[in-house]
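Coordinates in review
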Amino acid sequence: MSAPTAAQLDAADPLARFRDEFEIPEGIYLVGNSLGALPRRTRDYVNIELDRWGSLGVEGHFTGDLAWKDYHELVPEQLARLVGAYNDEVVAMNALTVNLHLLMISFYQPNPQRHKVLIESHAFPSDHFAVESQIRQRGYNPSESLITVSPRPGEDTLHKDDILGAIVEHGNELALVMLPGVHYYTGQALPMSEIAEVAHSVGARVGFDIAHAAGNIELQLHDWNVDFAAWCTYKYLNTGPGGVGCAFVHQRHIDNQMLPKLLGWWGTNPATRFRMATEFDPIPTVESWQMSNASILPMAALRSSLDIIDEAGGISALRRKSVQQIEYLDRRLNESLSGRVVNLTPTPMHERGCQFALQVTSGNGREVFAALEEARAFCDWREPDVIRAAPVPLYNSFDDIDRFVTILEDVVA
Ligand SMILES: *Cc1c(COP(=O)(O)O)cnc(C)c1O
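Everything quoted here is computed from the prediction, not taken from an experiment. (Residues numbered from 1 in each chain as written. Predicted model: local features only at pLDDT ≥ 70, side-chain atom pairs only at ≥ 80, totals over all residues. Heavy atoms only, no water.)

1. Remarks on helix H8 (residues 192–201)
Restricting attention to buried positions, one finds in H8 the residues Met192, Ile195, Ala196, Val198 and Ala199. On the buried face of H8, the contacting elements are helix H7 (160–170), strand E7 (174–180) and strand E8 (205–209). Gly203 sits one or two residues past H8 and shows a positive phi near 90 degrees. (Buried < 20%, exposed > 50% of the residue type's maximum accessible area, 1.4 Å probe, protein only. Helix = DSSP H or I, 4+ residues; strand = E, 2+ residues; numbered from the N terminus. Contact = heavy atoms within 4.5 Å.)

So, in structure tokens, the structure goes:
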């Protein structure tokens, strides 16, 4: 039996109809790893809030099921399902880098004996800057306190043994491990559960940046015992440019009043908040990390996106299709581009999400990328030499993948 064609795979795809739920730029949109496509219904969700603002004005804060003062309470249940958490462990607020800072304020507690933070050498610059500035802020020096784990010479992705080994090596000096769930450049998914276990065994805390994991792969943040996590929603969660960020704090830390925390009025008991008293009475959930009242329009876009994901059957249904799409793209690349285009992403399925990190080995990568752009195959270029392409199961078809490879064959030839 020959392998199924794109048309056969699309015909058998239970999620195929969701493509029509999105407005997608003309061409082949394989860049949902950078900015997810626009769900059509987001216009409605946002318009409802604009209409409520127009007709109710300030009363919108207190009126109806969508009252803005409680609006943030509408999303945790769906967010929790998406990342494998309990409702009281997740909150949508601020933006990703801001949340990393707020969580490091709580979970990076250096002392002269234990002050090191472990990250990876190719960390997303914003994460690197955030960690470096947190170290300085506490009076330590990144040249001593910031340690990195790298791929082995000549390799592109990290070995699990090297990560776990570095954690053990720095053991009693290690305060925090902060790593990506899925790497933004290579697309490598890290073994979060094992990392958390080993980090805890040496007495360190562990946080994950799951910007490229949320909405892409299945996560069990609670069961993996992760201390904290943060992510953005404009990538695989399709909330639009600058969409609201999210944070996870494990239940076991939520009631810990000893954790340092930056406070604001949205973290205090809503029953007494508007008495404007100055006694902080923390909400008994991760919402006690909230500082400001929620940005309603981006939150409306998030609700729209989470509703679509639930309708599609949640992250497990998305991942099921994603695995088929990954296998299909692997197969197509092997058939016609083997030796000319190399995917840096690990091959085993548990070590990858939907993003491919393609390196052009015969010819000039930048020129190939420019030719792809010319042909309206949307991918993105990441220095020094990778073309990232991500088939997103909610709105990309197998036909998109097929046409992408056909164009790539053409431009590489
Ligand atoms: C996308 C991304 C960011 C972007 O941070 P913002 O605060 O949302 O601008 C940061 N870190 C990682 C790992 C990312 O993938």
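Moving on, there is more to tell.
2. Observations concerning the side chain of Arg273
Structurally, Arg273 is set in helix H10 (residues 270–273). Of the side chains bearing the opposite charge, Asp70 lies closest to the buried Arg273, which forms no salt bridge; the N-O distance is 5.8 Å. Setting aside its immediate chain neighbours within four residues, Arg273 contacts Lys69, Trp265, Trp266, Thr268 and Ile283. (Lys, Arg positive; Asp, Glu negative; His and termini not counted. Salt bridge = Lys/Arg side-chain N within 4 Å of Asp/Glu carboxyl O.)

3. Quick word on the site of the ligand
Surveying the vicinity of the ligand reveals the residues Leu96, Thr97, Phe124, Asp127, Asp209, Ala211, His212, Tyr234 and Lys235. Between the ligand and the protein, one listed contact pairs an oxygen atom with a side-chain N or O atom of His212 at 3.1 Å. Tallied by class, the residues present in the shell around the ligand amount to 4 nonpolar, 2 polar and 3 charged. (Near = heavy atom within 4 Å. Polar contact = N/O pair within 3.5 Å; in protein donor to acceptor, adjacent residues only side chain to side chain. Nonpolar A, V, L, I, M, F, W, Y, C, P; charged D, E, K, R; others polar.)

4. Things to note about the sheet that holds strand E15 (residues 386–389)
Within a sheet, neighbouring strands are paired by backbone hydrogen bonds and run either parallel or antiparallel to one another. Strand order in this open sheet of 4 strands is E11-E12-E15-E14, and the pairing throughout is antiparallel. Two strands lie at the open edges of the sheet, namely strand E11 (341–343) and strand E14 (380–382), each paired on one side alone. Averaged over all pairs of adjacent strands, the angle between strand axes in this sheet comes to 35 degrees, irrespective of strand direction. In this structure, E11 lies alongside strand E12 (residues 356–360), joined through 3 bridges in antiparallel fashion. Bridge pairing in E12 places Val342 opposite Gln359. (Pairing = 2+ DSSP bridges. Axes fitted to C-alpha atoms, helices over the stretch in contact; angles between N-to-C directions.)

5. What to know about the sheet that holds strand E4 (residues 90–92)
Read from one edge to the other, the open sheet built from 7 strands follows the order E4-E10-E9-E8-E7-E5-E6, with strand pairing classed as mixed. The open sheet has two free edges, formed respectively by E4 and strand E6 (146–149), since each of these has just one partner strand. The sheet shows a mean angle of 20 degrees between the axes of neighbouring strands, taken without regard to direction. In this structure, E4 lies alongside strand E10 (residues 246–249), joined through 3 bridges in antiparallel fashion. For Ala92, the partnering residue across the bridge sits in E10 and is Cys246. Against the sheet, H8 touches E7 and E8, its axis set at about 155 degrees to E8.

6. Points about the domain arrangement of the protein
Taken as a whole, the protein is organised into domain 1 (6–30 + 314–412) and domain 2 (51–310). Placing the centre of domain 1 and that of domain 2 at their C-alpha centroids yields a distance of 29 Å. Every contact between the two is made by 28 residues of domain 1 and, on the other side, 21 residues of domain 2. In total, domain 1 and domain 2 occlude about 2000 Å² of area from one another, counting both sides; carbon and sulfur atoms represent 58% of this. Contact with domain 2 buries surface across domain 1, with Ile315, Leu344 and Gln355 losing the most and accounting together for 27% of the total. For the pair domain 1 and domain 2, the interface holds 0 salt bridges. Mapped by element, the contributors of at least two residues to the side of domain 1 that touches domain 2 are helix H12 (314–337) and E15. Per-element accounting of the side of domain 1 that touches domain 2 gives the leading share, 5 residues, to H12. (Domains from an automatic or database assignment. Buried area = accessible area lost by both parts, 1.4 Å probe.)

7. What to know about the side chain of Asp13
Mapped onto the elements, Asp13 comes out in the loop between helix H1 (6–11) and strand E1 (22–23). With a relative accessible area of 9%, Asp13 lands in the buried category. For Asp13, the side chain forms a polar contact with the main-chain nitrogen of Leu15, separated by 2.7 Å.

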